[in-house]
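What follows is the residue order along each chain.
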Amino acid sequence: MLPGRGAFLGMGLAAVGLGTFWSVTVAGQDLARTMLTTAGLPEDEVGYWAKFAYGFVQTVGGGLVFLFPDQSAPASGGRKLSFCIMWSD
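Residues numbered from 1 in each chain as written. Predicted model: local features only at pLDDT ≥ 70, side-chain atom pairs only at ≥ 80, totals over all residues. Heavy atoms only, no water.

Draft legend 1. The arrangement of helix α1 (residues 5-38) in detail. Of all the bends in α1, the greatest, near 60°, is centred on G28. Listing the buried residues of α1 in full gives T25, G28, A32 and L36. On its buried face, α1 is in contact with α2 (43-67). G40 occupies a position one or two residues after α1 and carries a positive phi of about 95°. (Bend = angle between axes of the 7 residues up to and from the residue. Helix = DSSP H or I, 4+ residues; strand = E, 2+ residues; numbered from the N terminus. Buried < 20%, exposed > 50% of the residue type's maximum accessible area, 1.4 Å probe, protein only. Contact = heavy atoms within 4.5 Å.)

Draft legend 2. A look at the environment of A53. Among the secondary structure elements, A53 is positioned in helix α2. Spatially, the C-alpha atom of A53 lies 6.8 Å from that of A32, the residues being 21 residues apart in sequence. Those residues in contact with A53 that sit more than four places away from it in its chain are A32 and Q58.

Draft legend 3. Focus on the packing of aromatic side chains. Tallying each qualifying case throughout the model produces three aromatic pairs. Among the aromatic residues, ring-to-ring pairing joins Y48, W49, F52 and F56 into one connected group. (Phe/Tyr/Trp six-rings, centres within 6.5 Å; stacked < 30°, edge-to-face > 60°.)

Draft legend 4. Representation of the packing of α1 against α2. Contact geometry of α1 with α2 gives a least axis separation of 8 Å together with a crossing angle of 145°. For the element pair α1 and α2, the recorded crossing hand is right-handed. On α2, the residues that touch V24, T25, G28, Q29, A32, R33, L36 and T37 of α1 are E43, V46, G47, W49, A50, K51, A53, Y54 and Q58. When grouped by side-chain class, the residues that make up the contact of α1 with α2 number eight nonpolar, six polar and three charged. (Axes fitted to C-alpha atoms, helices over the stretch in contact; angles between N-to-C directions. Left-handed = near helix turned anticlockwise from the far one by under 90°. Nonpolar A, V, L, I, M, F, W, Y, C, P; charged D, E, K, R; others polar.)

Draft legend 5. Inspection of the confidence of the model for the chain at higher detail. Of all residues in the chain, 74% have pLDDT values of 70 or greater, and the mean over the chain is 76. When pLDDT is averaged over each helix and strand of the chain, the minimum, 58, is found for helix α3 (residues 69-75) and the maximum, 82, for α1. (pLDDT = per-residue confidence, 0-100.)

Dropping the structure here:
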């Protein structure tokens, strides 16, 4: 017996979510470097803070959201409001 449409939809959404997560994780240090350079930080400090942002802040933040997903949503107004704000830019 084949799985229902809901299973395929769920698998597709999971694939998009994992792809997005890993894309940001892999590109995290370069994204931080670009942001810090744009903000005008001196080049010798950009490398240090980009590594710090990638190695510590991104890892700890991702771990906390992984462990406490429901606690992170109310701080930003809830999941629906967070989603609307994310797509309003």
